[in-house]
Amino acid sequence: MTISKVEATDIAFDELKDGSELYIQRRNRRLLNNHRKELRVFTKAEAVAYLDIDARTLDKYCKSLKINPRRHEESQWLLDIEEVYKVRDSLPGELKKQLPFVRSESQDLQVIVVQNQKGGVGKTVTAATAASGLATEFHQNYRVGLIDMDGQGTLSMYYAPESAEEGCLSVGDLIMGNYELDENETLKEAISEAFLPTTIPNLRILPASQSDRAIEGWFHEAVFNQQLSSPYSILHDIIEQVKDEFDIIIIDTPPSLGYATYNAYYAGTSVIFPLSVTENDIDATCSYFSYIPQVWTLLKNAKHPGYDFMKILLTNHKESSTTTDLQNNLYDSFSSYLYSTEFNNSEAVRQASSLLSTVFDMSKSEYPKTKMTFQNAQQNGYEVTSQIHRDIQKVWREQEKEQ
């Protein structure tokens, strides 16, 4: 029996859907089987450098905390990141590199949106590296959150690869209301539990799932049916429920300008635009920037208070005469917005990403290639993250002065 063109198209799209879901399941299973993410570990030399104390002091505090660094195979001396944090927390103030940060009532939660409508510019790697760097490399012990607003769920694979299989709520579930509260459970408790722990003790993630691809359709239907009075503020309202549990939240966004991105923009207090230094990426981003005042007009009309800072972070950077020429042109046009340190193109970053990690949440011993490459990538990541850290601290200082 001959089928119509419409019926054939129905079948084709269903087959594409089934094939893609099967591919994703196999890919995720392969990634998890090949590399089950472990806690970052420190050798004695690394722990001494990280904590900035001498080896004798380190041994003393390990003993007092009943931590046995030589419990590993062949009695190798190792501490995992949770144990290093315990030692750090036990140190008296004069031995700490930094005192723990306690956000005052005048200092707002910092919500940083990582966005560019152009795909392939390193949004997810930037978000993951910034979040893990702020959590681990600055000893103020900031409470850091990640939100994956991209239905592809790449960021979630870093820190919550099995969340969907375990029935955890995704950001899309919270936005679309696809959940029921347990008996006596509050909305705040449900949202708090949706931010899952990661392999970094002070970093939690609100993951995405493949079903979150339905967010845009849900928004369009709800707006069309006049069921949403404020379609841009739903994510902001979710974050408001847990704002006292975090100091910094970083939002990874899809490479598109739909309701999910508008919600991220509305929830944000600052924006970082990753930009790969190629002619095509610069052209596409400049076209986006030409349109972005219209985006802001919608947000402003929805009562967004304005951003504390907006910066452009150059990514996938390689030294060459062509790159230098492009950078010079960018500085001519965007000098006050460009971060001075670029996020370098790095084999170590690519290798870490293939292992569902950043250079800050994997162990140096786990890196399969030359350790110097890994150290250089860590140093570059630290310098990049330090720029964001300085901007955040500046905001908090100014907020304190205003009180």
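Higher on the page you've got the structure.
Everything in this summary refers to the structure shown in the same document. Small disclaimer: the values here were computed from a predicted structure and weren't measured.

### Re unusual backbone geometry
In most cases, non-glycine residues show a negative phi, while peptide bonds are predominantly trans.
Reasoning step 1: Located in the positive-phi region is Asn141, a residue other than glycine, with phi close to 60 degrees.
Reasoning step 2: Here Asn141 shows up in the loop between helix H5 (123-136) and strand S4 (144-148).
Reasoning step 3: Despite not being glycine, Leu356 has its phi angle at roughly 60 degrees, a positive value.
Reasoning step 4: Note on placement: Leu356 falls in the loop between helix H14 (347-354) and helix H15 (371-402).
Reasoning step 5: For Leu356, a relative accessible area of 7% translates into the label buried.

### A closer look at the sheet that holds strand S7 (residues 248-252)
In sheet architecture, strand pairing relies on hydrogen bonds along the backbone and comes in two forms, parallel and antiparallel.
Reasoning step 1: Here we have seven strands laid out as an open sheet, ordered S5-S6-S4-S7-S3-S8-S9, and mixed in their pairing. At either margin of the open sheet sits one strand with a lone partner, and together these are strand S5 (196-197) and strand S9 (310-315).
Reasoning step 2: Pairing geometry for S4 and S7, over five bridges, is parallel. Its bridge partner being in S7, Ile147 is matched across the sheet by Ile251.

### Some remarks on the environment of Gln393
Reasoning step 1: Mapped onto the secondary structure, Gln393 falls in helix H15.
Reasoning step 2: The partly exposed category is assigned to Gln393, whose relative accessible area is 25%.
Reasoning step 3: In sequence terms Gln393 and Gln110 are 283 residues apart; their C-alpha atoms lie 9.9 Å from each other.
Reasoning step 4: Beyond its immediate chain neighbours, meaning those up to four positions away, Gln393 contacts Gln140 and Tyr142.

### Side note on the pattern of salt bridges
Reasoning step 1: Here the structure, examined in full by the defined rule, presents 13 salt bridges.
Reasoning step 2: Asp391 is the salt-bridge partner of Lys311, the closest N and O atoms lying 3.0 Å from each other. In this pair, Lys311 is assigned in strand S9 and Asp391 in helix H15, connecting sequence segments 80 residues apart. For the pair formed by Lys311 and Asp391, the shared burial category is buried.
Reasoning step 3: One network of salt bridges, with partners in common, ties together Arg71, Asp80 and Glu83.

### Examining the packing of helix H10 (residues 234-241) against helix H11 (residues 259-267)
Helix-helix packing is described using two parameters, namely the angle between the two axes and the distance between the axes.
Reasoning step 1: One can describe the packing of H10 onto H11 by two numbers: an axis separation of 7 Å at closest approach and a directional angle of 45 degrees. Taken together, the axes of H10 and H11 are oblique relative to one another. Between H10 and H11, the contacting residues are Ile234, Leu235, His236 and Ile239 on the first element and Asn263, Ala264, Tyr266 and Ala267 on the second.
Reasoning step 2: A per-class count over the contact of H10 with H11 returns six nonpolar, two polar and no charged.

### A short note on H14
Reasoning step 1: All of the buried residues along H14 are Ala348, Val349, Gln351 and Ala352. Here the buried residues of H14 occupy an arc of 165 degrees about the axis, which is enough to place them on one side.
Reasoning step 2: Along its buried surface, H14 packs onto H5 and H15.
Reasoning step 3: The N-capping residue of H14, defined by a side-chain oxygen 3.1 Å from the backbone nitrogen of Ala348, is Ser346.

### Some details on the nonpolar core
In globular proteins that are soluble, nonpolar side chains generally tend to be buried together.
Reasoning step 1: In terms of nonpolar packing, the biggest core is built from 59 residues, with Leu58, Leu146 and Ile250 touching the most fellow members.
Reasoning step 2: Considering every element that reaches this core, the biggest residue donor is H15, with seven residues.
Reasoning step 3: With sequence-adjacent residues up to four places away left out, Leu146 is seen in contact with Ala127, Ala131, Leu155, Tyr159, Phe195, Leu203, Arg204, Ile205, Leu206 and Ile250.
Reasoning step 4: Counting residues in each nonpolar core, the second largest holds 47 residues, with Ala194, Tyr232, Ile251 and Val271 among its members.

### Some words on the pairing of S4
Reasoning step 1: Most of S4 is tucked away: five of the five residues are buried.
Reasoning step 2: Alternating residues of S4 divide into Val144, Leu146 and Asp148 and Gly145 and Ile147, and every residue in both groups is buried.

### Let's talk about the packing of aromatic side chains
Reasoning step 1: One pass over the full model with this rule turns up 16 aromatic pairs.
Reasoning step 2: Seen in terms of ring centroids, Phe273 and Phe289 are 5.0 Å apart; in terms of plane orientation they differ by 75 degrees. Their pairing is edge-to-face. With Phe273 in strand S8 (residues 270-276) and Phe289 in helix H12 (residues 279-301), the pair connects residues that are 16 residues apart, well separated along the chain.
Reasoning step 3: Note on Phe273: relative accessible area 6%, which makes it buried.
Reasoning step 4: Taking the centre distance of 5.8 Å and the plane angle of 75 degrees together, the rings of Phe289 and Phe334 count as edge-to-face. Note that Phe289 is positioned in helix H12 and Phe334 in helix H13 (residues 321-334), a separation of 45 residues in sequence.
Reasoning step 5: The exposure class of Phe289 is buried, given its relative accessible area of 17%.
Reasoning step 6: Given the relative accessible area of 18%, Phe334 is considered buried.
Reasoning step 7: Among the aromatic side chains, those forming a connected cluster through ring pairs are Trp218, Phe219, Tyr232, Tyr259 and Tyr262.
Reasoning step 8: If you follow Arg88 out to its NZ or CZ, it ends over the ring of Tyr85, 4.2 Å from the centre.

What counts, and where the lines are drawn
- Residues numbered from 1 in each chain as written.
- Predicted model: local features only at pLDDT ≥ 70, side-chain atom pairs only at ≥ 80, totals over all residues.
- Heavy atoms only, no water.
- Helix = DSSP H or I, 4+ residues; strand = E, 2+ residues; numbered from the N terminus.
- Buried < 20%, exposed > 50% of the residue type's maximum accessible area, 1.4 Å probe, protein only.
- Pairing = 2+ DSSP bridges.
- Contact = heavy atoms within 4.5 Å.
- Salt bridge = Lys/Arg side-chain N within 4 Å of Asp/Glu carboxyl O.
- Axes fitted to C-alpha atoms, helices over the stretch in contact; angles between N-to-C directions.
- Parallel < 35°, antiparallel > 145°, perpendicular 65-115°, else oblique.
- Nonpolar A, V, L, I, M, F, W, Y, C, P; charged D, E, K, R; others polar.
- Arc of directions from axis to C-beta.
- Polar contact = N/O pair within 3.5 Å; in protein donor to acceptor, adjacent residues only side chain to side chain.
- Core = buried A, V, L, I, M, F, W, Y, C linked by side-chain atoms within 4.5 Å.
- Phe/Tyr/Trp six-rings, centres within 6.5 Å; stacked < 30°, edge-to-face > 60°.
- Lys NZ or Arg CZ within 6 Å of the ring centre and 35° of its normal.

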